[in-house]
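Chains, contacts and geometry: an overview
Listed below, chain by chain, are the residues.
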Amino acid sequence: MSRLIQDAYTLAKERYAGLGVDTDQALATLDQISLSLHCWQGDDVAGFENPDAELSGGIAATGNYSGKARNADELRRDLDLAYRLIPGTHRLNLHAIYAETGDQKIVRNELQPEHFASWIDWAKANHHGLDFNPTCFSHPLSASGFTLSSPDPAIRQFWIDHCIGCRQIGASFGRALDTPCVTNIWIPDGFKDTPADRAAPRRRLKESLDQILAVPIDRQYNLDAVESKLFGLGAESYTAGSHEFYLGYTASRNDVLLCLDAGHFHPTEMISDKISAALLFVPAVVLHISRPVRWDSDHVVTLTDEVQAILHEIIAGGNLDRVHIGLDFFDASINRIAAWVIGARNVMRAALLALLEPTDRLRSFETAGDYTARLAFQEELKGMPWAAVWDQFCVQQEVPIGIRFLDEVKQYETRELSKRA
Ligand SMILES: C[C@H](O)[C@H](O)[C@@H](O)C(=O)CO
Ligand SMILES: [Mn+2]
């Protein structure tokens, strides 16, 4: 088999060389790309604070596939397998509800770095950077539907303190792992029906963010990000943290990253077209790559035109150092480890497709006004033997080639997941 892979790669390399593309260089660059895998795919966004509590905040994980992680050790074991099946070295994106507090109940605004000590040890041992998120949902103080934009000052203060604490926890990750942690704030705040006052919650949200970010934290260790959303379940008519709100907020400050979630816009509105615009005005962009399907923003990532376009914007645009690529989906109807692996491998495959593009050539057609040649080449590229280059990457990275990753997932399911109640 490896002989066949090698032969196919040699032929592919020759074909791409004919277009002026160096496949070895493409693979070397692909090796440098690190995705931030979201921990919450592993347990349907339950966390360990109160795993039986209902998921709130206008998000939902549907399905009841067996074997979800019930504690941090199981989640880490599941992640270990996922990382072994995804080529490259990748990060983990944690949420505050994944703190390990033993028998103690720690309220969210009192969480400390020590409650994530095992995550840090594990990340260090396995060369994963860590990213982080305050959890502003699934909590009695978010039950009104409002957190940082709440009209109740006590509720607002609770979430402000939680977000400040999370930034400090993020900085502790960055210090321990020698790679800055992106701490991303997403809040569910919104109205089911038409608001009488659209401005007041946004004014309060701005004030809350200003207070959260007024606490100085070294950007060498922690980078702040904010994530918009068009609507959520039960917040269909209005969200305080809309795209325009956060685009304006991040552009006006220049020290906060803009998080674009592919599932948080109108169904035909694509984030791929927002990256080049946003990067002219904000220091960096964080992506939550997801797949929206009708009302749901969080299906497993497939190799869609949009995912290819997103990676194209990052790579052909020369923006790899200013875009933090994260994943965000939660599917409880299929094997959760396979969900991670399928989604992450697809993002890496889209990255490879972008790396195998003769960008300079396409741009010179465009500059010359030769849109015919541009289109002809773009379409021709779709039939190039990129899958042979991908297989070679998997060989180099010592991960299963093709569908073989599924055998390992199935074996693990029999050995481990099937024993979970
Ligand atoms: C669980 C996450 O905070 C969540 O997915 C957020 O990033 C989001 O996208 C909410 O719709
Ligand atoms: Mn998201």
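Residues numbered from 1 in each chain as written. Chains lettered and ligands numbered in written order. Predicted model: local features only at pLDDT ≥ 70, side-chain atom pairs only at ≥ 80, totals over all residues.

**Focus on the overall build of the protein**
Operational definition: For the purposes of this entry, the term helix denotes a DSSP run of H or I that reaches at least four residues, the term strand denotes a run of E that reaches at least two, and both are numbered from the N terminus. Restricting the calculation to C-alpha atoms gives the radius of gyration, and the globule rule supplies 2.2 Å times the number of residues raised to the power 0.38. Partly exposed residues are those falling between the two cut-offs: more than 12 but fewer than 20 other C-beta atoms within 10 Å of their own, whereas 20 or more means buried and 12 or fewer means exposed, with C-beta atoms placed from the backbone. Contact between residues is assigned whenever the C-beta positions, reconstructed from backbone atoms, fall within 7 Å.
For the protein, the helix and strand inventory stands at 14 helices and 12 strands. Over its C-alpha trace the protein gives a radius of gyration of 22 Å, about what one expects of a compact globule, namely 22 Å for 421 residues. Along the first, second and third principal axes, the C-alpha set of the protein runs to 65 × 55 × 40 Å. Put simply, the protein has 421 residues, and 48% of those count as buried. When contacts within the protein are restricted to residue pairs at least 6 apart in sequence, long-range pairs at least 24 apart make up 81% of them.

**Details of the UniProt feature "binding site: Mn(2+)" (unreviewed entry) in the protein**
Put simply, the rule is: UniProt positions are given in the numbering used here, feature names are shortened, and annotations may be inferred rather than shown by experiment.
Look at the UniProt record and you will see "binding site: Mn(2+)" (unreviewed entry) annotated at His-264, Asp-296 and Asp-298. Across 35 residues of sequence, these annotated residues stay compact in space, with a maximum C-alpha separation of 9.3 Å. In this structure His-264 comes out as buried when scored by C-beta crowding, with 26 C-beta atoms within 10 Å. Ignoring any residue separated from it by four or fewer positions in sequence, one finds His-264 in contact with Ser-228, Lys-229, Leu-230 and Ser-297. By secondary structure assignment, the location of Asp-296 is in strand S11 (residues 296-299).

**Quick notes on the pairing of strand S9 (residues 285-289)**
Rules: Any two strands with at least two DSSP-identified bridges between them are counted as paired.
S9 sits mainly inside the fold: five of its five residues count as buried. Of the two faces of S9, the one holding Val-285, Leu-287 and Ile-289 and the one holding Val-286 and His-288 are both buried throughout. Bridge count for strand S8 (residues 257-261) against S9 is four bridges, and the pairing is parallel. In the sheet register, Leu-258 faces S9, and the bridge partner there is Val-285. Here five bridges tie S9 to strand S12 (residues 323-327), and the two strands are oriented parallel to one another. Counted as the bridge partner of Leu-287 is Ile-325 from S12.

**Some details on the packing of helix H10 (residues 336-355) against helix H14 (residues 405-415)**
Geometrically, a packed helix pair is captured by the angle between its two axes and the distance between the axes. Here is the rule: Lines fitted to the C-alpha atoms define the axes, with helices restricted to the stretch that makes contact. Angles between their N-to-C directions range from 0 to 180 degrees. Oblique is the label for any angle not under 35 degrees, not over 145, and not in the 65 to 115 range, which are roughly parallel, roughly antiparallel and roughly perpendicular in turn. The crossing is said to be left-handed when, going from far helix to near helix, the turn is anticlockwise and less than a right angle, and right-handed when the turn is clockwise. Polar here means any residue outside two lists: the nonpolar Ala, Val, Leu, Ile, Met, Phe, Trp, Tyr, Cys and Pro, and the charged Asp, Glu, Lys and Arg; Gly therefore counts as polar.
Between H10 and H14, the least distance of the axes is 10 Å, while the angle of their chain directions is 160°. One way to sum up the angle between H10 and H14 is to call them roughly antiparallel. Crossing hand, H10 versus H14: right-handed. Of the residues in H14, those in contact with Ile-337, Ala-338 and Val-341 of H10 are Phe-405, Leu-406, Val-409 and Tyr-412. A class-by-class count of the residues in the contact of H10 with H14 yields seven nonpolar, no polar and no charged.

**Digging into the environment of Leu-353**
As for its placement among the helices and strands, Leu-353 is situated in helix H10. Separated by 33 residues in sequence, Leu-353 and Trp-386 have C-alpha atoms that sit 6.8 Å apart. Apart from the residues lying within four places of it in its own chain, the contact partners of Leu-353 are Gln-308 and Trp-386.

**Thoughts on the site of ligand 1**
The cut-off we apply is this: Each residue receives a C-beta atom built from its backbone; the residue is near a molecule or strand if that atom lies within 6 Å of it.
Neighbouring ligand 1 are the residues Trp-40, Val-45, Ile-59, Asn-133, Trp-186, Glu-227, Lys-229, Asp-261, His-288, Ser-297 and Asp-328. Here the residues of the shell around ligand 1 sort into four nonpolar, three polar and four charged.

**Observations concerning H10**
Side chains that are three or four residues apart share a direction in an α-helix, a result of its 3.6 residues per turn. Under the convention used in this document: To estimate how far a helix should extend, the number of its residues minus one is multiplied by 1.5 Å.
A rise of 1.5 Å per residue sets the reference length of H10, with its 20 residues, at 28 Å; its end C-alpha atoms lie 29 Å apart and thus fit the reference within 8%. Most of H10 sits out of view: 20 of its 20 residues are buried.

**Here's the deal with the nonpolar core**
Heads up, the rule is: As used here, a nonpolar core is made of buried Ala, Val, Leu, Ile, Met, Phe, Trp, Tyr and Cys residues. They are joined through C-beta atoms within 7 Å.
By size, the foremost hydrophobic cluster in this structure holds 113 residues, and its most contacted members are Val-341, Val-347, Ala-351, Leu-352 and Val-389. Among the elements that take part in this core, H10 stands out by supplying 15 residues, more than any other.

**Looking at the environment of Gln-392**
As for its position among the elements, Gln-392 is in helix H13 (residues 386-396). Judged by the 22 C-beta atoms lying within 10 Å of it, Gln-392 is buried. Taking the C-alpha atoms as reference points, Gln-392 and Arg-219, separated by 173 residues in sequence, lie 37 Å from one another. Not counting residues up to four positions away in its chain, the partners in contact with Gln-392 are Ile-5, Tyr-9 and Leu-27.

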